[in-house]
Amino acid sequence: MYKLFFQLFFKRMDTERAHHLAFGWIRLAARVPVLRTFVAAVLAPRYKELRTEAFGLRMHGPFGLAAGFDKNAVGIDGMAMLGFDHVEIGTVTGEPQPGNPRKRLFRLVADRALINRMGFNNEGSAAVARRLAARTPVLRTTVGVNIGKTKVVPEAEAVGDYVKSTERLAAHADYLVVNVSSPNTPGLRNLQATEALRPLLAAVREAADRTVTGRRVPLLVKIAPDLADEDVDAVADLAVELGLDGIIATNTTIARDGLGLKSPRALTGETGGLSGAPLKARSLEVLSRLYARVGDRITLVGVGGVENAEDAWQRILAGATLVQGYSAFIYEGPFYARAIHKGLAARLAASPHATLAEAVGAETRKAIA
């Protein structure tokens, strides 16, 4: 039903406009108590065997919504209603910014992919912090907050910009993510180099600890799939050294060659980060490499090309405790999370693993044994 609706309606509409329209409907449904309860009962059934613990947080399951969909924390309950076990909001920057000029979001339907050059359009960390502080949750979910650099802030002053957002947002975050891997903010990916990343992560960690009392806010870093293998290893080693709680692998890619893209060159040639199915193999490769490097010392989050339960299961076997999706949600519609949960439960039951935690990294461990 949704796929027919997509073909007849959303496919013909500007991609960003379609996003705002669909997100508006989700938010509206989540504000109506009876409707919200009915939708959650259908789309967010719970499976006890999928209950997950990551960096000290207990979740209904391992599958969440990646950053980018809800940039300003306006629809957390709506996404929980649709079955996402955690919702990562943002990317949020120190100052509000409009992002890049439109048109900046493109569907590659033939490739089940998206290209975006949004440029961290958001209301800024002060506004988002106020919204999170005033929020009264109606559906329980874990809320991650993804922070990035304000575009006009020079690279040399990036640490202060991240610290500002941390001081405002850490108290409202179940976990905090430092995003240094979007291709749409000039110079941002330079911060993935360990000599720049070490002081940045250390400053964010110190700011979170100074700002939030009574608990330790888990800190993660999100990396790009375009890093060379030796750079992936370097980030993994740094994360262990600094005592980070997790790594998210991966963000969008600037690559186009070798991905087997079927869409017209007019689309594939658009600048920006490519997400969705073509990213699947490289994201899984980076995830496996990270797990082989860090093992169970750090929680890994797998994202990139997760279209169905099999993709999510492969991420878990490769080493991901948590899995995220976004682009496939656009193509699969409201039953996306439900189908993944159902499929994961079936795969776990058919596997030799007694629990989901036992399955994490099983294939990677086997490969390196």
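Okay, so let's go over this structure. These figures come from a predicted structure and were not determined experimentally.

Scoring rules and cut-offs
Residues numbered from 1 in each chain as written. Predicted model: local features only at pLDDT ≥ 70, side-chain atom pairs only at ≥ 80, totals over all residues. Heavy atoms only, no water. Pairing = 2+ DSSP bridges. Helix = DSSP H or I, 4+ residues; strand = E, 2+ residues; numbered from the N terminus. Axes fitted to C-alpha atoms, helices over the stretch in contact; angles between N-to-C directions. Core = buried A, V, L, I, M, F, W, Y, C linked by side-chain atoms within 4.5 Å. Buried < 20%, exposed > 50% of the residue type's maximum accessible area, 1.4 Å probe, protein only. Contact = heavy atoms within 4.5 Å. Salt bridge = Lys/Arg side-chain N within 4 Å of Asp/Glu carboxyl O.

Strand order in the open sheet made by the 3 strands is E5-E6-E11, with antiparallel pairing throughout. The open sheet is flanked by strand E5 (105-108) and strand E11 (273-276), the only strands paired with a single partner. The average undirected angle you get between the axes of adjacent strands in this sheet is 20 degrees. Where E5 lies against strand E6 (residues 113-116), 4 bridges are found, and the strand directions are antiparallel. Directly across from Leu 108, in E6, lies its bridge partner Ala 113.

One finds Met 79, Leu 82, Phe 84, Ile 89, Tyr 162, Val 178 and Leu 290 to be the most contacted residues of the largest nonpolar core, which totals 99 residues. Sorting elements by how many residues they give to this core places helix H13 (residues 336-350) first, with 6 residues. Dropping the residues within four chain positions of it, Tyr 162 is found in contact with Ile 147, Gly 148, Lys 149, Val 178, Asn 179, Val 180, Leu 188, Leu 191, Leu 200 and Val 204. Core analysis: the next-biggest nonpolar cluster, separate from the first, contains 5 residues, Phe 106, Leu 108, Ala 113 and Leu 274 among them.

Turning to the pattern of salt bridges, a few remarks are in order. In the structure shown here, the tally under the stated rule is 27 salt bridges. For the salt bridge of Asp 245 with Arg 216, the shortest nitrogen-to-oxygen distance reads 2.8 Å. Remark: Arg 216 occurs in the loop between helix H7 (194-211) and strand E9 (219-223) and Asp 245 occurs in the loop between helix H8 (229-242) and strand E10 (246-249); sequence separation between them is 29 residues. Taken together, the shared-partner salt bridges connect Asp 229, Asp 233, Asp 237, Arg 282, Glu 285, Arg 289 and Arg 293 into one network.

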